[in-house]
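Survey of secondary and tertiary structure
Chain residues, written in single-letter form:
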Amino acid sequence: MAGILILKCLFFLVSVCLAANLAICTTSNIPNTKKTYIIQIDKWAKPDVFIDHVKWYSSLVKSVLASRPERETARDEEERILYSYHTAFHGVAAQLTEEEASKLQAQHGVLAVFPETKYQLHTTRSPLFLGLDREDSNKLWSDKLADHNVIVGVLDTGIWPESPSFNETGMTPIPAHWKGACETGRGFEKHHCSKKIVGARVFYRGYEAASGKINERGEYKSARDQDGHGTHTAGTVAGSVVRGANLLGYAYGTARGMAPGARIAAYKVCWVGGCFSSDILSAVDQAVADGVNVLSISLGGGVSSYNRDSLSIAAFGAMEKGVFVSCSAGNGGPDPISLTNVSPWITTVGASTMDRDFPATVKLGTGKVITGASLYKGRRNLSTEKQYSLIYLGNNSSSPMPSSLCLEGTLDGAEVAGKIVICDRGISPRVQKGQVVKDAGGVGMILTNTAANGEELVADSHLLPAVAVGETEGKLIKHYASGRNATATLKFLGTKLGIRPSPVVAAFSSRGPNFLTLEILKPDMVAPGVNILAAWTGALGPSSLPTDQRRTNFNILSGTSMSCPHVSGIAALLKARHPDWSPAAIKSALMTTAYVHDNTYNSLKDSSTATPSTPYDHGAGHINPRKAVDPGLVYDIGAQDYFEFLCTQQLSPSQLMVFGKFSNRTCHHSLANPGDLNYPAISAVFPEDAKVSTLTLHRTVTNVGSSISNYHVRVSSFKGAVVKVEPSRLNFTSKHQKLSYKVVFETKSRQKAPEFGSLIWKDGTHKVRSPIVITWLASI
């Protein structure tokens, strides 16, 4: 990790870029151009002359509209408002000019005006890997529990209802608390909803306002998923048990979601051109009103300040209603400060590997064999008894060329026909590079990682024989190919289990620290997100390329999009087992029971460096569902506590109102600093002033174990500080009893880089672990 000086410079640069992006978002070269704005309104400020909020919201928007010819006015006003929000968020999404938006901001009752933001998707073995298929685990997650009453809302690209993963056999009637609907449209009828898929809705007004009308011939304007991403995430959350699941023979076994008894409500917010914040916000608002217990959101759109992030504000409203919100951390790793969805009331999930791999080999003409990964299964196989000419159209410099990246139109058929082509990763999708090679007459591809990907291997379902290799081996192969008469052949070895070490943190998984608030450690945890087998759409082949005519019920994908629904599903199980637990209690159970060692009993490693990862990479650690069901102690946080945290964030009264006006909240100033939020992770940040040598943070734990429980503490040693916990013992005499302690940090020697460790409460049965990060800020 770079020194704090570099870290602070990065904070500054990101902040400048953020400010620039916000300026770009809110500026238009054409004064009368209409754009979508999200307007947050204080519901308590409604004048009595309006019989309901919808009419008042409409009146506010109409009051700022520029004059139009009379014949156009009524229609214009009607089309301007895209959505009204009433549950997790209050206000409207409307089409306005920049001048109209500015006028609206000044109206009584308007709390904030946000420009539309574009979000992107963060793209069998895991239940067993997580201990959910063992016999003893069935006792923990008994079907007699109320797991059939838990409903998970999945915000994504929709759902493919015919998938065997959504079979309703054996399910009880839909819970009485469900108030949702099954919206129909092309390819999606009422019968496609069931006891498993209890609801399906679509949200596209914001998308169409920005991108034009959806082409209904090329895209389902309904909850049907032709992209596959939403079906995959929904299947991971709560897919029913399916025996014999596989992808073209790979990963053969029994597939099941994390919470196979839970219900799914599909909210389609993503379309061919992306996912827009007004649609996402409407889906969150509607899902909470419908009665979901968990929200799974594998999306990200950069980082804005808490009061400027509409998804963060909506998630706060969902949390107030008792809904657990899980979001993907993003795929911006291994770069530091690459996280999205960093609000403390959101559970932010990074990605890790499992102990399963799909090995393939490259045998060079020299006889050297290099191991990579692939999911290729097709009719065109290369003979392992024959060597094929090998070609690389780059120059072996550190900067890839269009031809070395195998971009569309860059390969000369006369050069590559009949050869294995080496392609660098970057710019275009990995599988698309193979299609380019195939179209140019190549017989195979070796996909080489660059410095950005390191040694991490992600398997793909290629359309021609292809093997992915790490950066080091890729350099070796390219050096060999630069000589005369270079040859190679490719071999595919199927599925291999028991990979060691595992898990490791995925190189693509976004990293901390959380530059909005260093005192809130993010990501919160990691979960399986590499080579995950789950349900798939029937509208696309496994490569997602239009030219891929193969069809399969399951597909293997990688990304924090895949790790997020693992946590959402486990949260559903915990909610079923402990219906009285708050979202914060569920998050705490997941974090304090997470593990930080792999199956070789060494510290978790970072795939990008092959060195031990830190809490900036893995958060509290890797989820451990079997431990999370009985965590012993939890760090609970209520909505007012989160609001008190916001009161420490130098927000103005009007900025705080975007959170406080839902419940008329005000600052009680109960937190001395943001690090005092009762978070399961502990981050001590010493200011630039070297005179401040002591820092005290406070925590409160709730006993959810045996009534009589006695805990003692163990804390790591640090080079730069002495850490004391007072008291060092916690003696509980009843269940749900709360006891407080404080952690005192005394600087011995200010360090240039953060230090990492842990604090563990132990009672002989439970180990309640909190990661610790100590940071000393330095002057720039």
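Residues numbered from 1 in each chain as written. Predicted model: local features only at pLDDT ≥ 70, side-chain atom pairs only at ≥ 80, totals over all residues. Heavy atoms only, no water.

Per an unreviewed UniProt entry, the recorded name for the protein is Subtilisin-like protease sbt1.3, and the organism is Nicotiana attenuata. What UniProt states about the protein under its Subcellular location (unreviewed entry) heading is, verbatim, "Secreted". Note on the protein: under the UniProt heading Sequence similarities (unreviewed entry), the record states "Belongs to the peptidase S8 family." (UniProt positions renumbered as here; feature names shortened; annotations may be inferred.)

A word on the state of the cysteines
The final tally for this structure, using the stated rule, is four disulfides. Disulfide pairing places C406 opposite C423 at an S-S distance of 2.0 Å. The disulfide joining C406 to C423 has a torsion of about -85° about its S-S bond and is therefore left-handed. With a gap of 17 residues between them, C406 in the loop between β20 (388-392) and α11 (413-416) and C423 in strand β21 (residues 420-424) connect regions that are remote in the sequence. We classify C406 as buried; its relative accessible area is 1%. Take the cysteines of the protein that form disulfides and number them in order along the sequence; they join up as 1-2, 3-4, 5-6, 7-8. Cysteine C327 remains unbridged, with the sulfur of C564 as its closest cysteine sulfur at 6.1 Å. (Disulfide = S-S within 2.5 Å. Helix = DSSP H or I, 4+ residues; strand = E, 2+ residues; numbered from the N terminus. Buried < 20%, exposed > 50% of the residue type's maximum accessible area, 1.4 Å probe, protein only.)

Topic: the UniProt feature "active site" (unreviewed entry) in the protein
Mapped onto this numbering, the UniProt entry gives "active site" (unreviewed entry) at D156, H229 and S561. In three dimensions, the annotated residues from a span of 406 residues occupy one location, with a maximal C-alpha spread of 9.8 Å. Mapped onto the secondary structure, D156 falls in strand β6 (residues 151-156). Take D156: its relative accessible area is 1%, and that puts it in the buried class. Once you skip the residues sitting within four places of it in the chain, D156 turns out to touch L121, H229, G230, T233, Y267, K268, V269, C270 and S298. Engagement of the side chain of D156 in a polar contact is seen with the side chain of H229, the distance being 2.6 Å. (Contact = heavy atoms within 4.5 Å. Polar contact = N/O pair within 3.5 Å; in protein donor to acceptor, adjacent residues only side chain to side chain.)

A short note on the domain arrangement of the protein
Domain boundaries assigned for the protein yield domain 1 (35-115), domain 2 (119-355 + 502-629), domain 3 (359-492) and domain 4 (633-637 + 678-776). The straight-line distance from the C-alpha centre of domain 1 to that of domain 4 is 47 Å. (Domains from an automatic or database assignment.)

Some remarks on the packing of helix α8 (residues 229-238) against helix α14 (residues 560-577)
Running from N to C, α8 and α14 cross one another at 35°; their axes reach a closest spacing of 7 Å. Every pair of crossing elements has a handedness; the one defined by α8 and α14 is right-handed. Residue-level inspection shows H229, H232, T233, T236 and V237 of α8 in contact with α14, the latter providing S561, M562, P565, H566, S568 and G569. Looking at the contact of α8 with α14, its residues break down into three nonpolar, eight polar and no charged. (Axes fitted to C-alpha atoms, helices over the stretch in contact; angles between N-to-C directions. Left-handed = near helix turned anticlockwise from the far one by under 90°. Nonpolar A, V, L, I, M, F, W, Y, C, P; charged D, E, K, R; others polar.)

Considerations on the side chain of S543
The topology assignment puts S543 in the loop between β28 (532-535) and β29 (554-557). Excluding residues that lie within four positions of it along the chain, S543 makes contacts with V431, S461, L463, D548 and R550.

Looking at the pattern of salt bridges
Within this structure, the stated rule accounts for 18 salt bridges. With its nearest N and O atoms 2.9 Å apart, the salt bridge here joins R511 to D606. Taken together, the residues R511 in the loop between β26 (504-505) and β27 (525-528) and D606 in strand β30 (residues 605-606) connect sequence positions 95 residues apart. There is no split in this pair, since R511 and D606 are both buried. Residues participating in the shared-partner salt-bridge network are E183, R201 and D290. (Salt bridge = Lys/Arg side-chain N within 4 Å of Asp/Glu carboxyl O.)

Focus: helix α9 (residues 277-290)
With 14 residues, α9 extends 19 Å between its outermost C-alpha atoms, agreeing within 8% with the 20 Å of an ideal straight helix rising 1.5 Å per residue. The buried fraction of α9 is high, at twelve of 14 residues. For α9, the complete set of buried residues consists of S277, S278, D279, I280, L281, S282, A283, V284, D285, A287, V288 and D290. Of the residues flanking the end of α9, it is G291, one or two places downstream, whose phi is positive at about 110°. (Expected span 1.5 Å × (residues − 1).)

Focus on the confidence of the model for the protein
For the protein, the average pLDDT comes to 90, and 90% of its residues sit at 70 or higher. Here residues 1-30 is a poorly scored stretch, pLDDT under 50, and it has 44 contacts once near neighbours within four places are set aside; other chains count. (pLDDT = per-residue confidence, 0-100.)

Points about α8
In terms of burial, α8 is largely enclosed, as ten of its ten residues are buried. Among the residues making up α8, those that are buried are H229, G230, T231, H232, T233, A234, G235, T236, V237 and A238.

With respect to the sheet that holds strand β39 (residues 755-762)
Pairing is mixed across the open sheet formed by five strands, whose spatial order is β33-β40-β39-β35-β37. In the strand order of this sheet, the two ends are held by β33 (682-686) and β37 (729-732), each with one partner. Averaged over all neighbouring strand pairs, the angle between strand axes comes to 20°, with direction disregarded. Pairing geometry for β39 and strand β40 (residues 767-776), over eight bridges, is antiparallel. (Pairing = 2+ DSSP bridges.)

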